[in-house]
Every structure is written in C-alpha cells, then in structure tokens.
Amino acid sequence: MKVLLATQKPFAAAAVAGIREILEGAGHEVALLEKYAEQSDLVAAVSDAEAMIIRSDKVTAEVLDAAPKLKIVVRAGAGYDNVDLAAATAHGVVVMNTPGQNSNAVAELALAMMIFMARTQFTPATGTELLGKRLGVQAYGNVGRLVGQKARALGMEISALDPFLTDEQIASAGADPVHSVEELYSSSNYVSIHIPALPATIKSIGYDLITKMPKGGVLVNTARKEVIDEEGLMKALEERQDLRYVTDVMPDNYDELREKFGLRVFATPKKMGAQTAEANVNAGLAAARQIVDYFATGCTRFQVNK
Ligand code: 3PG
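Predicted, not measured: the structure shown is a model, and the values here were computed from it.

### Let's talk about unusual backbone geometry
- With phi around 50 degrees, Lys-35 is a residue other than glycine that occupies positive phi space.
- Looking at where Lys-35 falls in the secondary structure, it is placed in the loop between β2 (29-34) and α2 (39-45).
- Lys-35 gets classed as exposed once you look at its relative accessible area, which sits at 65%.
- Backbone geometry places Thr-120, a non-glycine residue, at a positive phi of 45 degrees.
- With respect to the helices and strands, Thr-120 occurs in the loop between α5 (103-118) and β6 (134-138).
- In this structure Thr-120 comes out as buried when scored by relative accessible area, which is 16%.

As structure tokens, then:
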C-alpha cells in the first residue's frame, strides 16, 4: 500500500526513519510530503495514497475527494479537529488518532509556560512562584493529568474539571474535583486548558469566565485557539490589568493583544507543544503501527469516526 506521510510541520528525522522502517518492513511504500506551502500541494499528493499519516494537516472534503484510493488516515497526535470526519466516513475512510503519545511534551510545555509567565517572560522584573498556588486543569485527560502531576511536584494545589470522570477518579489522580467551569476559574490562580475544539467548546472561554479568575490569574492554552472567544479575552485583559494569557496557539488578534498588553500575553509563533523528538517518535511510530495493523488484521482500535 502507498502511505503518504504528510506533515506541514515535519517530524524529527528519527521519527521519519522509524515510520519508514515499520511501514517498509511490512511491505508498504512511503511517500513524504513535508513543509508544503499550499493546501493544493496536499490535494495533489493524495491522488494515489491508500493511507496517510498527518499531524495538524487539514484533511478536508477537497482532500478526500482527490484521494480515491484512500482507506485510512492516522492523525499522529490527539486532536482530530483538522479532519473532516463526516466527509471521511462518507468516503469510507477510517480515521484514527494516537491518544497519549505526545501528551508528555504538551504537558511539559504547559508547565514551562506557567514558569515563563510567573517569571515575567524572563525579564529582570520581579516575578512570583508557583509554590502554593492553585492550578485548575480544564479536562483531566492524558495531558491534563500529566500537567497536574508535574505541577504537584512543584508544590501547587490542583483542581480539575472533567465531565467524563467521577469525583473519585479525579481525586485518585491527585486533584480536587470541581463541578463547573465557573468554580474552576474563580478558584484557580492558573488555569490550564486541555479541552478539544468541538462545536460545544468553540469560543466557550470568554470574558465572563476569564474575569472570574482571582487577582493575578494566568490562563494557559496549549489546546486549541478556537476554544477562546478572542474578543472576550481582549475585553477581559483590558478591564483586568492583573490578568495574563499565554498560549501555544497564536490568537488571530495577537498583534493587537501584544501591542496593548505587552508582557501580559505571549503566544508561540507556531504550535510547538508536541514538537519534541520523543513525541514525534512516539506518535509517528504509533501511527505507522496502526496502519500496518489495520491492513494486516483490520484492527480499528483508536478509530474516531465509528
Ligand atoms: C495534538 O492534538 O496532538 C497536538 O495539538 C499536536 O499537534 P501537532 O502534531 O500539529 O504538533
């Protein structure tokens, strides 16, 4: 089978080599499309692909229409909001993700961002410490739990909100359960967001929630920019001079935010949460193995468009 590895943001060389080894070892052929400039490059590259490994690459209806032989797409990572699941299902294409494989990298970045903001973006200004502060984790899944675990090691108190977990499950994973977003935001010095971008979560974090944070609150977003209501964020930061926002997903209004609020905001230029050699290898090799298994045995574990 011809497997297209399409990564606008390339994997580390070791991950590409490992993916090749697994796929070619199982008799598949690998085509590589990295750092492509236009979506049309992806559309052109899929014409003979029978399987695809992607990252945040956009698998739209147009891509699927252009890929008549495609049987499976594996998103090497957690979030699959970049894949048109309905169109994939209509084309009979199986879509999978590789949950958990890049979580540690994202969790480490969330912690790094908290320290970066606490220490005034590494300027000489007087900062604060994380010790004794309360961190609210919004969604206590693979990444959220790791963030909680690492923050606890730094002496933070952890609260977590997760509608899919019981209080007992949250408590046994080391956090104090809370039962509403309002409670999470109003009781946390730091809030770390780990919710997916879904119709129900898009623009769900705005002025009302952000201004519930206590004095000096820091909002940390290593999830998706779409979950933030950017106008509401702007208004909250305007009204509350003590609040700060740090994100791995650059807001559309970042230039304006930075101009108005300076060091109270920070965004990475390109999403880098999962961009470690280890995460690339973990997610990339898992994706390759899932494709090999799918063609060998029909295994659909991790399918997200069932
Ligand atoms: C994910 O959903 O797995 C992360 O956001 C990582 O995305 P990336 O593979 O584009 O870095």
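### Considering the packing of α5 against helix α6 (residues 142-153)
- Look at α5 against α6: their axes get within 8 Å of each other, and the N-to-C directions meet at 50 degrees. By the angle between their directions, the pair α5 and α6 is classed as oblique. Once α5 is placed against α6, the crossing between them reads as right-handed. For the pair formed by α5 and α6, the contact residues are Ser-103, Asn-104, Val-106, Ala-107, Glu-108, Ala-110 and Leu-111 on the first element and Asn-142, Val-143, Leu-146, Val-147, Lys-150 and Ala-151 on the second.
- Of the residues assigned to the contact of α5 with α6, the class counts are eight nonpolar, three polar and two charged.

### Some words on the site of the ligand
- Near the ligand you find Lys-9, Arg-55, Ser-56, Arg-75, Gly-77, Ala-78, Gly-79, Asn-102, Arg-224, Lys-271 and Ala-274, and these make up its full shell.
- Here an oxygen atom of the ligand sits 2.8 Å away from a polar atom, N or O, in the side chain of Lys-9.
- Lys-271 is positioned such that a nitrogen or oxygen atom in its side chain is 2.7 Å from an oxygen atom of the ligand.
- Burial of the ligand by the protein chains amounts to 95% of its free accessible area of 320 Å².
- For the shell around the ligand, the residue count by class is two nonpolar, four polar and five charged.

### Describing the sheet that holds strand β7 (residues 157-161)
- Reading across from one edge, β8-β7-β6-β9-β10-β11-β12 is the order of the seven strands in this open sheet, with parallel pairing throughout. Strands with a single pairing partner mark the edges of an open sheet, and in this sheet they are β8 (176-177) and β12 (265-267).
- By the bridge criterion, two bridges tie β7 to β8 in an arrangement that is parallel. The residue bridging Ala-160 from the neighbouring strand is Pro-177, located in β8.
- Contacts from α5 reach β6, β9 (190-193), β10 (218-221), β11 (244-247) and β12, with the element oriented near 145 degrees to β11.

### Comments concerning the environment of Met-156
- Turning to its location among the elements, Met-156 is positioned in the loop between α6 and β7.
- For the pair formed by Met-156 and Lys-2, sequence separation is 154 residues and the distance between their alpha carbons is 48 Å.
- For Met-156, the residues in contact, after removing those within four places along its chain, are Met-114, Leu-130, Gly-132, Lys-133, Arg-134, Leu-135, Ala-151 and Tyr-190.

### Observations concerning the pattern of salt bridges
- On inspection of all chains with the given rule, the structure shows nine salt bridges.
- Arg-224 is the salt-bridge partner of Asp-81, the closest N and O atoms lying 3.1 Å from each other. Here Arg-224 lies in the loop between β10 and α10 (230-239) and Asp-81 lies in the loop between β4 (72-75) and α4 (85-90), a separation of 143 residues in the sequence.
- A salt bridge links Lys-260 to Glu-256; the nearest nitrogen and oxygen atoms lie 3.6 Å apart. Separated by four residues within a single helix, Lys-260 and Glu-256 lie in helix α11 (residues 254-261), roughly one turn from each other.
- The class of Glu-256 is partly exposed, set by a relative accessible area of 39%.
- Shared partners join several salt bridges into a network, and the residues in it are Arg-134, Glu-157 and Asp-176.

Reading guide: rules and limits
- Residues numbered from 1 in each chain as written.
- Predicted model: local features only at pLDDT ≥ 70, side-chain atom pairs only at ≥ 80, totals over all residues.
- Heavy atoms only, no water.
- Helix = DSSP H or I, 4+ residues; strand = E, 2+ residues; numbered from the N terminus.
- Buried < 20%, exposed > 50% of the residue type's maximum accessible area, 1.4 Å probe, protein only.
- Axes fitted to C-alpha atoms, helices over the stretch in contact; angles between N-to-C directions.
- Parallel < 35°, antiparallel > 145°, perpendicular 65-115°, else oblique.
- Left-handed = near helix turned anticlockwise from the far one by under 90°.
- Contact = heavy atoms within 4.5 Å.
- Nonpolar A, V, L, I, M, F, W, Y, C, P; charged D, E, K, R; others polar.
- Near = heavy atom within 4 Å.
- Polar contact = N/O pair within 3.5 Å; in protein donor to acceptor, adjacent residues only side chain to side chain.
- Areas by Shrake-Rupley, 256 points an atom, 1.4 Å probe, with all protein chains shown as cover.
- Pairing = 2+ DSSP bridges.
- Salt bridge = Lys/Arg side-chain N within 4 Å of Asp/Glu carboxyl O.

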